[in-house]
Amino acid sequence: GGYISGSCSDHRHHVAKVVQASGVPAFQFEYRLAPEHPYPAAFEDGMAAYRWMLAQGHNPERMVIVGDSAGAGLTLALLLGIRDQGLPLPAAAVAASPWTDLLLTGASYRSNRYKCLSPLDMSVICSRYYCGEHDPAAPYISPLYGDLSGLPPLLIMAGGDETMRDDSVSLSYKT
């Protein structure tokens, strides 16, 4: 949803399949959406959810943070925030088609413009709404520009026809 749409109910069936197949419980959280709630709202909500999990006694060594698209970008931003705030990091993270560069510098934004399933130029609009008055290159907005040292193991996935493909490729070279 590009930080502007989506909810837990949109992804509940995907999460339920993973839980059912693996037997591992999952926790989903809603984050505030732009343009009504631009950055840092989603980041703050994610950090609050992680702190809540820790406060409930969940062991971070048994946690994996998972997200897709903007949620995967948020997953990576949260890892940076968790590390930077000195909180215990989760065991790993999964970033499926992560949106890591809200400056939209990757060549795939142009080369895959008509191949990707995303609505045409959706990333331009979503970036503007989510960033608001903030620098799109700020690491908690665009994790591609952050220092990725000290993060737990990451599984990064992306399809060849996605506009955000180069976000994943560039991020993978930094890890």
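Going by the structure above, here's the rest.
This section reports on the structure supplied with the text. (Residues numbered from 1 in each chain as written. Predicted model: local features only at pLDDT ≥ 70, side-chain atom pairs only at ≥ 80, totals over all residues. Heavy atoms only, no water.)

Right, let's get into the layout of surface pockets. Put simply, the largest pocket is a space of about 1500 Å³. Taken together, 44 residues line the largest pocket, and the ones lying closest to its centre are V15, F27, Q28, V66 and G67. For the lining of the largest pocket, the elements supplying multiple residues, two or more each, are α1 (8-22), α2 (41-55), β1 (64-68), α3 (70-84) and β2 (92-96). Ranked by residues supplied to the lining of the largest pocket, first place goes to α1 with eight residues. (1 Å grid on protein atoms, 1.4 Å probe; cavity = no way out; pocket = protein on both sides within 12 Å on 5 of 7 lines; lining within 4 Å. Points joined across faces, edges and corners; volume = space filled by probe spheres on them. Helix = DSSP H or I, 4+ residues; strand = E, 2+ residues; numbered from the N terminus.)

Take unusual backbone geometry next. Residue P35 follows A34 across a cis peptide bond; omega there is 5°. Locating P35 in the fold gives a position in the loop between α1 and α2. For the bond running from Y39 to P40, omega is 15°, close enough to zero to count as cis. Summarising the element assignment, P40 is placed in the loop between α1 and α2. For S97, which is not a glycine, the phi torsion comes out positive at approximately 50°. For S97, the location among the structural elements is in the loop between β2 and α4 (108-111). S97 sits in the buried class, given a relative accessible area of 17%. The backbone phi angle of D121 is positive, close to 60°, even though this residue is not glycine. (Buried < 20%, exposed > 50% of the residue type's maximum accessible area, 1.4 Å probe, protein only.)

The next thing to look at is helix α5 (residues 122-131). Restricting attention to buried positions, one finds in α5 the residues S123, C126, S127, Y130 and C131. Across the axial projection of α5, the buried residues extend over an arc of 115°, all falling on one side. Looking at the buried side of α5, the elements it contacts are α2 and α4. Remark: G132 follows α5 within two positions and exhibits a positive phi of approximately 55°. (Arc of directions from axis to C-beta. Contact = heavy atoms within 4.5 Å.)

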